[in-house]
Amino acid sequence: MDQELAADLQARRADHLYRQRNRHSGPQVPLIKVNGSQLLAFTSNDYLGLANHPKLISAAHSASKLYGLGSGASHLVTGHTDLHHELEQALAATTQRPRALLFGSGYMANMGVLNALLDRRDAVYQDRLNHASLLDGGLLSGAKFQRYRHNDTTNLADKLVTTQARRHVVATDAVFSMDGDIAPLKGLSQVANEHHAWLMVDDAHGFGVLGAGGGGSALAQGLSSNDCPIYMATLGKALGSYGAFVAGSEELIESLIQFSRNYIYTTALPPSVAAASLASVALLTEEAWRQQHLNRLINYFTQQAQSMGLPLMYSQTAIQPLLVGSSKVAIQISDELRQVGLLVTAIRPPTVPKGTARLRITLSAAHSEAHVDELLVALGRLQQQGLVGRAEQ
Ligand SMILES: *Cc1c(COP(=O)(O)O)cnc(C)c1O
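Below is a short write-up of the structure. Numbering of residues begins from 1 in every chain and follows the order in which that chain's sequence is written. At least 70 in pLDDT is required for a residue's local features to be given in this predicted model, at least 80 for side-chain atom pairs to be given and counted, and no such filter applies to totals for whole chains, interfaces and linings, which use all residues. The basis for the side-chain values is all heavy atoms of the structure; hydrogens and waters are excluded.

### As for the overall build of the protein chain
Then, number 1: For helices the rule is a DSSP run of H or I covering at least 4 residues; for strands it is a run of E covering at least 2, with both sets numbered from the N terminus onward. When its secondary structure is counted, the protein chain shows 15 helices and 14 strands.
Then, number 2: For 393 residues, the compact-globule formula gives about 21 Å, and the C-alpha radius of gyration of the protein chain, at 21 Å, lands near that figure.
Then, number 3: Along the three orthogonal principal directions, the C-alpha set of the protein chain runs to about 60 × 55 × 50 Å.
Then, number 4: Working definition: with a 1.4 Å probe on protein chains only, accessible area under 20% of the residue-type maximum means buried, over 50% means exposed, and in between means partly exposed. Per-residue burial for the protein chain yields a buried fraction of 53% across its 393 residues.
Then, number 5: Across the protein chain, the fraction of contacts at a sequence separation of at least 24, relative to all contacts at a separation of at least 6, is 71%.
Then, number 6: For the area figures, the Shrake-Rupley method with a 1.4 Å probe applies, and any residue is considered shielded solely by the protein chains shown. Surface exposure of the protein chain reaches about 18100 Å², of which carbon and sulfur atoms provide 51%.
Then, number 7: The charge count includes Lys and Arg as positive and Asp and Glu as negative, but it does not include His or the ends of the chains. Here the site of a charge means NZ on Lys, CZ on Arg, CG on Asp, or CD on Glu. Here the protein chain contributes 32 positive and 32 negative side-chain charges, whose respective centroids are spaced 5 Å apart. Between the two quantities, the radius of gyration covers C-alpha atoms and the globule rule is 2.2 Å times the number of residues to the power 0.38. Should any heavy atoms of two residues lie within 4.5 Å, those residues are counted as being in contact.

Below, the structure is given as structure tokens:
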């Protein structure tokens, strides 16, 4: 076995696609210690800087004293505590949906929804650039699996016209995780409605940062629960905690409780994690300056990068990818930045399409403008050396 595996590993190294973990000690803050050295990181999905917030930590601490650590069982047995229940109610209120249901993680939620709703008689339509968990959920469901061109509502409509399936689900990321661009939810919802398809939106990168009170992309684009019947988001990114939820109608949530294997056959999140998430939801409005500061940094970074001619991909969100192309060069740039104390992740195929390796820069409310300047100066220097390219005019 080991010989055969070693050959595959060697091939991956030769393609500059080998992945390695950084060993890092301490909380998720902009200045982190990696493999012993201090680095300014632009890598985290902790967009609001809540992962190290004292209110989350004390909520988790108090809940552990009252409820112990592990939840001990699944939600349908004895794992569903008052804290989980209250969190579901808070999430439904924040997203303005009738009900919400907690899942162990975003990956499980996406798998769990698609597998509960779809089988061989059905069809699922996915944006080409959707997150792996949506794609995997669609494939595993056994439904006819089709991808449409990125954010292309016309291409989606063409595919929906020819279908004979019983049910149709259109699934999309609201904010694309490796591109940072926003899906045209209004248009997708119209096309889905015209063809009696159900729209499922994965808002892992929008919930907490977009929409009124951080209520997410569906609210930001004015989509009611009818327009977007299946709304999913995670608690491990902007909310700085862990877990995920699905929000929608009474019937949707009850169906998931009855039929979603990824909901039924797994241990409920620790009560302390639910308590931390609950504190985090309250902070979305109590500390609304966080969304505002993040937006200021996004505008500042994109304007400066544009005037320098950096090859940024178009994005108005906290995810600001710098397009490189070659995996080898992307790694080189990432290494050079690390030498000057900056941590930025190189994203390579198969996470992104071939020939589109990039640096995935993420901004957070925990960053200051001086932090952003530090990154811009370093990128400018690499541009002068010819390692970082220029934007096409
Ligand atoms: C991170 C992510 C997920 C998975 O969420 P986890 O809670 O980390 O499992 C799902 N969808 C998208 C778009 C994501 O970025």
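### Focus on the environment of Pro 229
Then, number 1: Looking at the secondary structure, you find Pro 229 in the loop between helix 9 (217–220) and strand 9 (230–234).
Then, number 2: Given the relative accessible area of 25%, Pro 229 is considered partly exposed.
Then, number 3: In this structure, the C-alpha to C-alpha distance between Pro 229 and Met 200, residues 29 residues apart in sequence, is 6.7 Å.
Then, number 4: Not counting chain neighbours up to four residues away, the residues in contact with Pro 229 comprise Trp 198, Leu 199, Ala 247, Gly 248 and Leu 252.

### A word on the pairing of strand 8 (residues 198–202)
If a strand is regular, its side chains alternate between the two faces of the sheet.
Then, number 1: In terms of burial, strand 8 is a largely internal element, four of the five residues being buried.
Then, number 2: Only when DSSP finds a minimum of two bridges between them are two strands counted as paired. In this structure, strand 7 (residues 168–173) lies alongside strand 8, joined through five bridges in parallel fashion. Each bridged residue has a counterpart across the sheet, and for Asp 173 the counterpart in strand 8 is Asp 202.
Then, number 3: The handedness of a crossover follows from its direction of travel: if, with the strands pointing away from the viewer, the path from the first strand over the helix to the second runs clockwise, the crossover is right-handed. As a crossover connection, the stretch from strand 7 through helix 8 (residues 185–194) into strand 8 is right-handed.
Then, number 4: Across three bridges, the pairing between strand 8 and strand 9 is parallel. Pairing of Asp 202 across the sheet is with Met 232, part of strand 9.

### Topic: the side chain of Asp 122
Then, number 1: Assignment of secondary structure puts Asp 122 in the loop between helix 5 (106–117) and strand 5 (123–127).
Then, number 2: Given a relative accessible area of 1%, Asp 122 falls into the buried group.
Then, number 3: Two N or O atoms form a polar contact when they lie within 3.5 Å of each other; inside protein one atom must be a possible hydrogen donor and the other a possible acceptor, and for residues adjacent in sequence the pair counts only when both atoms belong to side chains. Looking at Asp 122, its side chain comes within polar contact range of the main-chain nitrogen of Arg 167, at 3.1 Å.
Then, number 4: Excluding its chain neighbours within four sequence positions, the residues that come into contact with Asp 122 are Leu 117, Ala 143, Lys 144, Ala 165, Arg 166 and Arg 167.

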